[in-house]
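One letter stands for each residue in the lines below.
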Amino acid sequence: MKYKLLFALFLTATTGFAQTDKKLTAQLQDALKGFNGLAGIYVHNLKTGKTVAINADTLFPTASMIKVSIQCGLMDKIEKGELQYNQKLVYRDSLLYAGEDILGSFKDKDTIQLSKVAMLMITMSDNTASLWLQKLVGGAYINNWLDQNGFKVMRVNSRVAGREAIRKKYGWGVTSPYEMCRLFNMIYNGEAVSPAASERMMRNMGRIYWDEKALAQIPPYIHTISKQGAVDASRSETVLVNAPHGDYVFSIITNNNKDQSWKPTNEADMLIRKVSALLWHYYEPKSKWKPADGVGKFMLNE
């Protein structure tokens, strides 16, 4: 019995050891050298099971990536019959979040389907749409869903009672690179709310307007689901890639960034592109694809 126990422990240790992709870890660590800020990365090859974890359990601001969890809370309410995906909503001026969002251009008492508001939240990252859906679902409800599904740190902070102090530090939401990838993996596996709800979410997350960073380094004919986040001092992106030789998911989140500009040359944005390109060519070494010359002028999304 003693030897069987030791053998089981040995297998556990060696299996865990084998799961870390040392070669890729070294390449990503090298890519992070010199970055003027804090960066966290988690990568999971869904075919081989191998992972990379660099500050993967560190807490970071989510910025707009928290909208994926809002989407999960919304789908949970729809699954329970408390909301309908195609129900009509009435827009009110009091919902406006100042900015250049599409929904913010609506007039008071205009109507719109909930499905279109959900599309705007994910595809366009429309803040007015997102806060409207968060209010409709409830921030505490979303956090309870996250807690019930085993998320230890990912939470909505904004407009949720009792989370005022953590909101001051992390903003709208808080997460880790690992938990962002875990949520994407749940959606991919049909485990977020239900297989049907996960399928709807995957379709929503596969049509992203903000494609000038990580997505720009992946061939346009490759299917991806993703969500981006950006505030002055934090830039982030989580992407699940349906690659020919095996699907993979990665999240890169930065914080306390020295470069807080909003130009294509922003240091964190360039790091996200660099990491995405590195991963694509690492997993698809025979791919000769690269962004077309001159494509930059078509990537000035604002």
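Scroll up for the structure.
Residues numbered from 1 in each chain as written. Predicted model: local features only at pLDDT ≥ 70, side-chain atom pairs only at ≥ 80, totals over all residues. Heavy atoms only, no water.

(A) View of the overall build of the chain. What the chain contains, in helices and strands, is 10 helices and 10 strands. For 302 residues, the compact-globule formula gives about 19 Å, and the C-alpha radius of gyration of the chain, at 20 Å, lands near that figure. Across its three principal directions, the C-alpha atoms of the chain cover 70 × 55 × 40 Å. Looking at charge distribution, the chain has the averaged site of its 38 positive side-chain charges lying 4 Å from that of its 28 negative ones. (Helix = DSSP H or I, 4+ residues; strand = E, 2+ residues; numbered from the N terminus. Rg over C-alpha atoms; globule rule 2.2 N^0.38 Å. Lys, Arg positive; Asp, Glu negative; His and termini not counted. Charge placed at Lys NZ, Arg CZ, Asp CG, Glu CD.)

(B) Region of interest: the sheet that holds strand β1 (residues 38–45). With antiparallel pairing, 5 strands are arranged side by side in an open sheet as β2-β1-β10-β9-β8. Both edges of this open sheet fall to β2 (51–54) and β8 (224–231), since each of them pairs with a single strand only. Here the average twist between neighbouring strands, direction ignored, is 5°. Judged from the 8 bridges that link them, β1 and strand β10 (residues 248–255) form a sheet pairing that is antiparallel. (Pairing = 2+ DSSP bridges. Axes fitted to C-alpha atoms, helices over the stretch in contact; angles between N-to-C directions.)

(C) Highlighting helix α9 (residues 195–205). A197, S198, M201, M202, N204 and M205 are the residues of α9 that are buried. The arc that holds the buried residues of α9, viewed along the axis, is 160°, so those residues lie on one side. Turned more than 90 degrees off the buried face of α9, the exposed positions are P195, A196 and R203. Where α9 is buried, its residues contact α3 (67–79), α4 (114–124), α8 (177–188) and β8. (Buried < 20%, exposed > 50% of the residue type's maximum accessible area, 1.4 Å probe, protein only. Arc of directions from axis to C-beta. Contact = heavy atoms within 4.5 Å.)

(D) Just the pairing of strand β9 (residues 234–241), in detail. Counting buried positions over the 8 residues of β9 gives 8, a clear majority of the element. On β9, burial covers both faces: S234, S236, T238 and L240 on one face and R235, E237, V239 and V241 on the other are all buried. Relative to β9, β8 runs antiparallel, the two being bridged by 8 bridges. Bridge pairing in β9 links Q228 to E237.

(E) Focus on the nonpolar core. Counting 80 residues, the largest nonpolar core has L28, V43, I187, V241, F250 and L279 as its most contacted members. The biggest single contributor to this core is helix α10 (residues 267–283), with 8 residues. If we skip the residues at most four places from it in the chain, L279 touches L24, L28, V43, Y248 and F250. (Core = buried A, V, L, I, M, F, W, Y, C linked by side-chain atoms within 4.5 Å.)

(F) Up close: the packing of aromatic side chains. The full count for this structure, using the stated rule, is 8 aromatic pairs. Relative to F250, the ring of Y248 has its centre 6.3 Å away and its plane inclined at 25°; by these criteria the two rings are stacked. The rings of Y248, F250, Y282 and Y283 are connected pair by pair, giving a single aromatic cluster. The ring of F151 has R182 sitting right over it, with the charged end atom 4.4 Å from the ring centre. The ring centre of W262 lies 3.9 Å from the NZ or CZ of R235, which sits over that ring. (Phe/Tyr/Trp six-rings, centres within 6.5 Å; stacked < 30°, edge-to-face > 60°. Lys NZ or Arg CZ within 6 Å of the ring centre and 35° of its normal.)

Limitation: the analysis is restricted to geometry and does not speak to function.
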